[in-house]
Amino acid sequence: MVTIDYSSIAIIPVITLLLAWCICGYLFYRNYKKHGGGIKIWKAVLVLFVGLFSFSINLNIWNTALKLSILPLGVWILYFILKGRNRWKSYRSFAWLGFSFNFIFIVASLVAIPFQQWIFPDKKPATYLANLENAKLITIHPSAKKKIVLDRKKLAGKFTHMKQREIYSDKWFSSLYGMSPSEINKKDEHFPYQLAGVKPKWGSGLPSPVLYIEKDGKGILITTPQQQLYYRLNNSVLKEEQ
Amino acid sequence: MKKRKGMFALLVVVIGIIGLFFYSSFSKPAPFPTEEALKKDINQTFPEASVKTIQDIIHVDERHKVVPFISLNKDYGLSYWIWKKNKWRVAEVDNREEPMIWKIEDRKRPKYVYVWNIFHKNKVDSFTFYLLRQRDYITYDRQSLYIPPVQMTEKVLLHNKTYGVFSIPEDWATIKDYARPVQTDWLFVNGEDGDAFNFGWRPNAKPGVKEPIIFTNNGESFSNGDIILRFPERFEKGSRDLYE
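Further remarks concern the domain arrangement of chain A. Residues and elements named next belong to chain A. In terms of domain boundaries, chain A breaks down into domain 1 (11-119) and domain 2 (125-240). Each partner contributes to the interface: domain 1 provides 5 residues, whereas domain 2 provides 5 residues. Summed over both partners, the interface of domain 1 with domain 2 buries about 330 Å², with 44% contributed by carbon and sulfur atoms. Linking domain 1 with domain 2 are 0 salt bridges. Counting the contacts that link domain 1 with domain 2 gives 2 residue pairs in polar contact (both at pLDDT 80 or more). The set of elements that each furnish at least two residues to the side of domain 1 that touches domain 2 consists of α1 (11-34) and α4 (87-119).

Further remarks concern the interface of chain A and chain B. The interface of chain A with chain B comprises 41 residues on the first partner and 33 residues on the second. Across the interface of chain A and chain B, roughly 3,400 Å² is buried in total on both sides, 58% from carbon and sulfur atoms. On inspection of chain A and its partner chain B, the count reaches 2 salt bridges. The closest approach of N and O atoms between Lys136 of chain A and Asp171 of chain B, which form a salt bridge, is 2.3 Å. Between the two partners, chain A and chain B, sit 8 residue pairs in polar contact (both at pLDDT 80 or more). Residue assignment for the side of chain A that touches chain B shows that the elements contributing at least two residues are β3 (136-139), α7 (169-172), α8 (181-185), β6 (193-196), β7 (210-213) and β8 (219-223) of chain A. Top contributing element to the side of chain A that touches chain B by residue count: α8 of chain A, with 4 residues. The residue inventory of the side of chain A that touches chain B, partitioned by class, reads 21 nonpolar, 15 polar and 5 charged.

The next thing to look at is the packing of aromatic side chains. All names here are of chain B. Across all of its chains, the model carries 26 aromatic pairs over all chains by this definition. Consider the rings of Tyr80 and Trp102, whose centres lie 5.2 Å apart with planes at 85°: the pair is edge-to-face. Here the residue Tyr80 occupies a position in strand β4 (residues 76-84), and Trp102 occupies one in strand β6 (residues 100-104), the gap between them amounting to 22 residues. With relative accessibility at 0%, the residue Tyr80 sits in the buried group.

So, about the nonpolar core. Tyr114, Trp116, Phe127, Phe129, Met152, Trp172 and Phe199 of chain B are the most contacted members of the largest nonpolar core, which has 37 residues in total. Elements with a contribution of two residues or more to this core: β7 of chain A together with β7 (111-117), β8 (124-133), β11 (150-157), α3 (170-178) and β13 (198-205) of chain B. Formed by 23 residues, the second largest nonpolar core is a distinct cluster that contains Ile148, Met162, Leu195 and Val237 of chain A.

What the rule picks out here adds up to 14 salt bridges over all chains. Residue Lys103 of chain B pairs with Glu105 of chain B through a salt bridge whose shortest N-O separation is 3.7 Å. Between Arg234 of chain B and Glu236 of chain B there is a salt bridge, with its nearest N and O atoms 3.0 Å apart. Judged by relative accessible area, Arg234 of chain B falls into the partly exposed class, the value being 25%. The partly exposed category is assigned to Glu236 of chain B, whose relative accessible area is 45%. Each of Glu214, Asp216 and Arg232 of chain A takes part in a single network of salt bridges with overlapping partners.

Two modes of strand pairing occur in sheets, parallel and antiparallel, and in both the strands are linked by backbone hydrogen bonds. Residue and element names in this part refer to chain B. Here we have 4 strands laid out as an open sheet, ordered β12-β7-β6-β15, and antiparallel in their pairing. Edge strands, defined here as strands with exactly one partner in the open sheet, are β12 (163-167) and β15 (228-230). The average undirected angle you get between the axes of adjacent strands in this sheet is 25°. As paired elements, β7 and β12 share 5 bridges and run antiparallel to each other. Looking across to β12, one finds that Val115 is bridged to Val165.

With that settled, the discussion passes to the confidence of the model for chain A. Scored by pLDDT, chain A has a mean of 84; 90% of the residues are at 70 or more. The least confident element of chain A, judged by mean pLDDT, is α7 of chain A at 64; the most confident is β6 of chain A at 94.

Attention shifts here to the pairing of strand β3 (residues 64-71) of chain B. Residues and elements named next belong to chain B. Here β3 lies mainly inside the structure; 7 of its 8 residues are buried. In this sheet, β3 lies alongside strand β1 (residues 51-54) in antiparallel orientation, the contact comprising 3 bridges. Within β3, the position partnered with Thr53 by the bridge is Ile70. With 3 bridges connecting them, strand β2 (residues 58-61) and β3 associate as antiparallel partners. Bridge pairing in β3 links His59 to Lys65. What sits between β2 and β3 in their antiparallel hairpin is a turn of 2 residues. Here β3 pairs with β4 via 7 bridges, running antiparallel. When the bridges of β4 are listed, Ile70 appears paired with Tyr76. Counting the residues that bridge the hairpin from β3 to β4 gives 4 residues, and of these Lys74 lies at a positive phi of roughly 65°.

Right, let's talk about the packing of α1 of chain A against helix α2 (residues 41-52) of chain A for a bit. All names here are of chain A. Contact geometry for α1 and α2: axes closest at 12 Å, N-to-C directions at 130°. One way to sum up the angle between α1 and α2 is to call them oblique. Like other packed secondary-structure pairs, α1 and α2 cross with a definite hand, here right-handed. Of the residues in α2, those touching α1 at Trp21, Phe28 and Tyr32 are Ile41, Ala44, Val45, Leu48, Phe49 and Leu52.

Residues and elements named next belong to chain A. One can find Ala44 in helix α2. Separated by 87 residues in sequence, Ala44 and Asn131 place their C-alpha atoms 48 Å apart. Apart from the residues lying within four places of it in its own chain, the contact partners of Ala44 are Phe28, Tyr32, Ile39 and Phe94.

Cut-off values and rules
- Residues numbered from 1 in each chain as written.
- Chains lettered and ligands numbered in written order.
- Predicted model: local features only at pLDDT ≥ 70, side-chain atom pairs only at ≥ 80, totals over all residues.
- Heavy atoms only, no water.
- Domains from an automatic or database assignment.
- Contact = heavy atoms within 4.5 Å.
- Buried area = accessible area lost by both parts, 1.4 Å probe.
- Salt bridge = Lys/Arg side-chain N within 4 Å of Asp/Glu carboxyl O.
- Polar contact = N/O pair within 3.5 Å; in protein donor to acceptor, adjacent residues only side chain to side chain.
- Helix = DSSP H or I, 4+ residues; strand = E, 2+ residues; numbered from the N terminus.
- Nonpolar A, V, L, I, M, F, W, Y, C, P; charged D, E, K, R; others polar.
- Phe/Tyr/Trp six-rings, centres within 6.5 Å; stacked < 30°, edge-to-face > 60°.
- Buried < 20%, exposed > 50% of the residue type's maximum accessible area, 1.4 Å probe, protein only.
- Core = buried A, V, L, I, M, F, W, Y, C linked by side-chain atoms within 4.5 Å.
- Pairing = 2+ DSSP bridges.
- Axes fitted to C-alpha atoms, helices over the stretch in contact; angles between N-to-C directions.
- pLDDT = per-residue confidence, 0-100.
- Parallel < 35°, antiparallel > 145°, perpendicular 65-115°, else oblique.
- Left-handed = near helix turned anticlockwise from the far one by under 90°.

What follows is the structure, given as structure tokens:
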């Protein structure tokens, strides 16, 4: 059975988030020291976490979801609860520190973007075609040549001689304009094979790509949730069955 | 102390319920009932079925079986059996003429099984089953997406039997799996499974049979609602929706 990763672990954001928490921990520790132990530590931590609570808007920058905090709701809640008493003064810095952590997290997500692009470039086929051991060719259209199998030796060549091409949608589809449905369905298919079982690079956080192989075996159409990439190779990855 | 005892009792009850749940969902199914018992069970659950003869017991998987039968009115019918809550239960009885698809929900991935019991066996030689998807082209947010068509076929011989089952091949299931959540960002889905795939079927006449074979599909069905059955699309030779 071909197993499909619908979402694998995204290692870069995990690392930056961990770093962000380390920074937060350090800032808290410094602030707590400054207060000289006047407050119990669990109370300070509680105030900190309430302070984190904020009204935020969701932004989407370079396919990354970001939460931009605007209103410090947690700080206000704490203020209303604690304002009558002396304690507010001593807790205030922890509440605001909690709120400021939101921005540290945003920075962490922003820092993750270039690293993600550097280590797992989303325009490079190698990101999507990392694990080819379990690759399986499936013929999906009857216009495909019979008795064709995957040439594993060529496939192992890591797709080095690939050139990105325009997606010739006009050739593949738009030229079918004006045809009746029956005429369209009688046309031979450019991509009569699907390559199943290929996994993206570990830690990329990308789902298993949908890969279509062109009828001559020299073209590959990589379909991901965000985009579609079309590459041509010098040699066919298919061969006649012996 | 009283409080502790109460807590302990509660814990025992909770563990017991969880244990029972696991026992009932992972326990091995009991041996399948005999034909006599099956007949009695169907006629009790769905008296309208009026089963006369059990034709066969077909194993689909450990927890699902199909039992074709002939009724008192000489209708060819199917009963669908599911091992559920520690009992073999009949989920549906029908006497449709056309093949149906039984969608069996599973933990990992759903199973799709063609099932049929037709009285045309002296006219029909075999079925051709299809997994189909239309070719499509979408422009979206200044990007374009080309979706190749899918047409996968399997020919299944009837071997002079009126009934049979056919689980979709592994390759079909894989192709269908790939379409599941990956492309939801792009596609306006129209299929029942949230993808663009359709199942189809075509009867192939025996040599010498000239007249068209008519499947009326005006049979009856009785269901306890605990089963998903679908109509695959019927195709003819030379259909405009097929590449041939």
